[in-house]
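Coordinates in review
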Amino acid sequence: MVENRAVDVERVFIGGGCNRIVNNVSWGACGLISFGSQNAVSIFCPQNAKISTTLPGHKASVNCTHWLPSSKFAFKATGWEKHYLLSGDAEGVIILWEFSLVENKWKYISQLPQSHKKGVTCITAILTSQNEAIFTSTSSDCVVNVWKIDLPAFGGDFTITCLDTLSAGLKPMVTLSLAELPGSTTHLILAMGGLDNKIHLYSGETKGQFVRACELKGHTDWIRSLDFSLPVSINGEPHNLLLVSSSQDKGIRIWKMALCDSISNFDEKKAQNSLAYYIKGPVFIAGSFSYQVSLESLVIGHEDWVYSVEWQPPSLMENYSCYQPQSILSASIDKTMMIWQPEKTTGIWVNVVTVGELSHSALGFYGGHWSPNGDSILAHGYGGSFHLWKNVGNEFDDWKPKKVPSGHFAAVTDIGWGRYGEYLMSVSHDQTTRIFASWFNEAKLKEDHDTWHEIARPQVHGHDVNCLAIIQGKGNYRFVSGADEKVARVFEAPLSFLKTLNHATSHLHDDLQVDVQVLVANMSALGLSQKPIYAQALSETRDRSSNEGFDTLENIPDAVPSVLTEPPIEEQLAWHTLWPESHKLYGHGNELFSLCCDHQGKLVASSCKAQSMSVAEIWLWEVGSWKAVGRLQSHSLTVTRMEFSHDDKYLLAVSRDRQLSLFSIDRTEDSDQISYQLLTRQEAHKRIVWACCWNPSGHQFATGSRDKTVKIWEVQKEKSLVQKLMTLPAFKSSVTALSWTGSHHHNEEGVLAIGMETGLIELWGLSLRKHEQDSSFAVPKTSLLIQFDPFMCHVSSVNRLAWRNSENNDESDDMQLASCGADHCVRIFKIVLEESIDEHVKVQNLKDDHVDVTNSPHILACSTYLFYNRSSDARWSILPPWMELSLRNGVSMVDFGDGSYEPYPSVDGLEQVGTKDCGIWVCIFMERIIKGQPLFIPGEDLVAKADQFRTNLATLFLSIL
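Everything numeric here is computed off the predicted structure, so don't read it as measured data.

What follows deals with the packing of aromatic side chains. Working definition: an aromatic ring pair is given by the centre-to-centre distance plus the angle between the planes. This structure, assessed with the given rule, holds 29 aromatic pairs. Seen in terms of ring centroids, Phe135 and Trp147 are 6.0 Å apart; in terms of plane orientation they differ by 10°. Their pairing is stacked. Taken together, the positions of Phe135 in strand β11 (residues 132-139) and Trp147 in strand β12 (residues 143-150) put the pair 12 residues apart, joining distant regions of the chain. Trp147 matches Phe135 in its accessibility class, with the two residues each being buried.

Counted residue by residue, strand β10 (residues 120-129) has 8 buried out of 10 residues, so it is predominantly covered. In the sheet, β10 pairs with β11 via 8 bridges, with the strands oriented antiparallel. Looking at the pairing, Ile123 lines up with Ser137 of β11. Counting the residues that bridge the hairpin from β10 to β11 gives 2 residues.

What follows covers the confidence of the model for the protein chain. The share of residues in the protein chain with pLDDT of 70 or more is 75%, and the mean pLDDT across the chain is 80. Counted against residues more than four places away or in other chains, residues 442-446, with its pLDDT under 50, gives 3 contacts.

Spatial ordering of the open sheet is given by β10-β11-β12-β13, a layout of 4 strands whose pairing is antiparallel. The open sheet has two free edges, formed respectively by β10 and β13 (159-167), since each of these has just one partner strand. Taken pair by pair, the neighbouring strands of this sheet meet at an average axis angle of 20°, ignoring direction. Across 8 bridges, β12 lies against β13 in antiparallel orientation. By the bridge assignment, Asn145 is partnered in β13 with Thr165.

This part covers a nonpolar patch on the surface. A cluster of nonpolar side chains, namely Leu295, Leu298 and Ile300, defines an oily patch on the protein surface of about 290 Å² accessible area. Structurally, Ile300 is set in strand β23 (residues 289-300). Exposure remark for Ile300: the relative accessible area of 58% places this residue in the exposed category.

Bridge analysis of strand β22 (residues 283-286) against β23 gives 4 bridges, and the strand direction is antiparallel. Its bridge partner lying in β23, Val283 is registered against Gln292. Adjacent in sequence and paired antiparallel, β22 and β23 are bridged by 2 residues, among which Gly287 carries a positive phi angle near 65°.

Our next topic: the pattern of salt bridges. Pairing is possible between side chains of opposite charge, provided their charged atoms come close. Scanning the model with the defined rule gives 20 salt bridges in all. The residue Asp430 makes a salt bridge to Arg434 at a minimum N-O spacing of 3.2 Å. Given a relative accessible area of 6%, Asp430 falls into the buried group. One salt bridge connects Asp657 with Arg681, and the closest N-O pair in it is separated by 3.5 Å.

Before going further, it helps to examine the side chain of Ser246. For Ser246, the location among the structural elements is in strand β20 (residues 237-247). In this structure Ser246 comes out as buried when scored by relative accessible area, which is 0%. Here Val306 takes part through its backbone oxygen, which lies 3.1 Å from a polar atom of the side chain of Ser246. If we skip the residues at most four places from it in the chain, Ser246 touches His219, Trp222, Ile223, Arg224, Ser225, Gly251, Ile252, Val306, Tyr307, Ser308 and Val309.

Rules used throughout
- Here the residue index of a chain counts from 1 through its sequence in written order.
- Two thresholds apply to this predicted model, a pLDDT of at least 70 for residue-level local features and 80 or more for giving and counting side-chain atom pairs, whereas whole-chain, interface and lining totals are computed over all residues.
- Hydrogens and water molecules were not included; the side-chain quantities draw on all heavy atoms of the structure.
- Any two of the Phe, Tyr and Trp rings considered here, Trp counted by its six-membered ring, make a pair once their centres fall within 6.5 Å; the pair's planes then place it as stacked at under 30 degrees, edge-to-face at over 60, or tilted in between.
- A helix here means a DSSP run of H or I that spans at least four residues, while a strand means a run of E at least two residues long, and both kinds are numbered starting from the N terminus.
- Each residue's exposure class comes from its accessible area (1.4 Å probe, protein chains only) as a fraction of the maximum for that residue type: buried when under 20%, exposed when over 50%, partly exposed otherwise.
- By the convention used here, strands pair only if DSSP detects at least 2 bridges between them.
- pLDDT runs from 0 to 100 and stands for how confident the predictor is about each residue.
- Throughout, a residue-residue contact means that at least one pair of heavy atoms, one from each residue, lies within 4.5 Å.
- Axes here refer to lines fitted to C-alpha atoms; in helices the fit is confined to the stretch in contact. Angles between the N-to-C directions go from 0 to 180 degrees.
- Patches were defined on residues exceeding 30% relative accessible area and lacking a salt bridge, with like-charge contacts within 9 Å and nonpolar side-chain contacts (Val, Leu, Ile, Met, Phe, Trp, Tyr) within 5 Å.
- To measure how exposed things are, a 1.4 Å probe is used in the Shrake-Rupley method; for residues, cover is taken only from the protein chains shown.
- Salt bridges are counted wherever a side-chain nitrogen of Lys or Arg sits within 4 Å of a carboxyl oxygen of Asp or Glu.
- For this analysis, a polar contact is any N or O atom pair within 3.5 Å, provided that within protein one partner can donate a hydrogen and the other can accept it, and provided that sequence-adjacent residues contribute only side-chain to side-chain pairs.

Set out below in structure tokens:
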């Protein structure tokens, strides 16, 4: 982030879903959870259900993450100040990260020197000492790599060495597990499972190569998960290592690895030919000992593929010994997670806890994980969602669902703020529309930050959703969405959402309808239309027979109207927060691409994907009647973005054909008839134009393009022309999103947010000034206010930016900016402007012209000009450069008074001649200090001196500019 006193940026909220792939999630010993979200590694804290950060670095989708140490080795990591994270992506790249618990900061360490040729599918690791770890990685290239990491004890360098490379044959391995062999601290056992339905065991030293030990057969389908326990005692036998495996054959198998004789008493050929070898299981040698592997138990209970199994993490006893609980967590595509434990009397493994997802739209779990202390379990599912349960019981287990972060699991294509800024709505290629809001209640009053949550999922569709327009007029909340279909759909908020929003924001506006009869919406069988449930029909739905099928396409259960008094969990969001669809807008010939609504809430404009002028026309729809009232033709290719001016007199459109079009929109007050006219169409950029936005208080607008430029334009009303005012300096990547907001102090000032294809975001200050001759605008003064920290930004293309239009923000310099991108994330930033944009722009321009404003008299001209352009209650913020200059010349701060406005400054021997001259006299004093002249001249004409100095300052200032 560029250091700049003018602007400060804070991360407020990140919403995002998990990549839908096995081995993607890892729960670390530090208590944090990592997961891949498109190309980013996301980190969330289960205590506050908030994504804290995303880590940029991968160029492909993140397939797997693994903590060092993981929750399994939390008992070894007590007191660790630094934890480490490994992440692998779809291109075979593995990256090592460092996290400091003390500083709460992340650091990119390195990319592993040897990458896989195809996507990494699994990473597992084991701590062999305080400063050493062994980890293995497997890939679709049928190769398993064994790595050693030397962890620096006191800030030294990391050393990463590839110990061995194992070939898995023709069928790749998809799961791995590492453990220390019983009775040995120098030998490890590596279990691999994959597409050949076998478990392959390899043994090796911590500093040497791994050799094939044996194979375990039994599963009849792909092996999906493996996990070693710590050594346990079974039936009085010490030094037993347990391995649990799960498969797509719906079964779970528990294997026992028992320490046999020392190598001096072992005859390998005799053992292999013995009956025990075939009954009990294979025997292998590692180091000085031999081990026999046998099937301990077969666990059946899931009804579909079992994607993950995991032993409960060990815990430290009072005598500092390690205890391995006999408890296994399994997660399946059958929408359930189960905890398995052996009965005390028979030793048979039975299911003791079952939790799951009851939503009809759920398609099961990809993985389940224990918390470090074993009191919570986490699942991630097909819908990119998380599910967290915590055991809140004392004497008996009582697992209750807890809040988790949520978000889209595909590219987020569009966002929009509610008309009062009370919520943020987003649409995505995951075929959903979601609403995020800051949940306000008494419990959060003591916190300094907003607590944002997903509070509703108005649309669950059957097509990828591309665009969104929130109706800004009075009345109930409504929005229009466009997807990969030829129909735009209109939705209206049900009563349950209005009441939920009232709980979340603690107030509703007077212009909202209080007689809303729609309670909630129902999902249709095909997932395309959402039908309303009315108040009078609620009793009828409750009388339906309860023995009808629950989760079938033929009979999907009705949604239950529910007013949420706390942030909802996934099951509630997916089914009970839908909005009813009120209208369909037919007309376009291809898939919808862009939507926008005017500021009065009377017109909606829509465009679709196009390769000809007839298809690329813009349709105008009248809100309320939803009739087509206009078809605007101008472009020959897809219209990528449209926006109405602040007074709704103009509609701006940009297109893939590199052109911009400006239409005039006229309304007849008596008949509400709409007339429109194409004012101009001209080439705007050399490549595709992706973004456009209006000045919120004028008729200037900005356009951004793939040609890496942003241009500022002005509408000349008299000539009905568009004139280019300026082009910002070229950016390093394509510009994909723009949003312009005004200043609370001056209409001529503004902040332009610019989002790029790389995911980076910049804020530019704009200061507009008119020519005195013809009242037209001169070339705007611009400056880069800030470049967002890459750890704050998206890791892929920014698709949309939107400033929050908060009604309670009129006098505050704090603003909020929302963004969405191809990395599946929705982000909200808090922007704090610490000084006037206009002042920052002018000072920045002076610096850009190589004028040293801190060590020359030029500071007098610059700061005095700024002083007279500020409000009286803010002028003291101009004093620091004067004070700094004076202190360098030996003048005491006391000479500038006590900070009060009257007198200003407070200096004995000088009588004030008017408050407007106080700033001039400070400058006069500074000039005399610099030149070594006396401060006071007897008999001096104070008024004439002030007038003369003011004229000289103006001349000097103009010459500098």
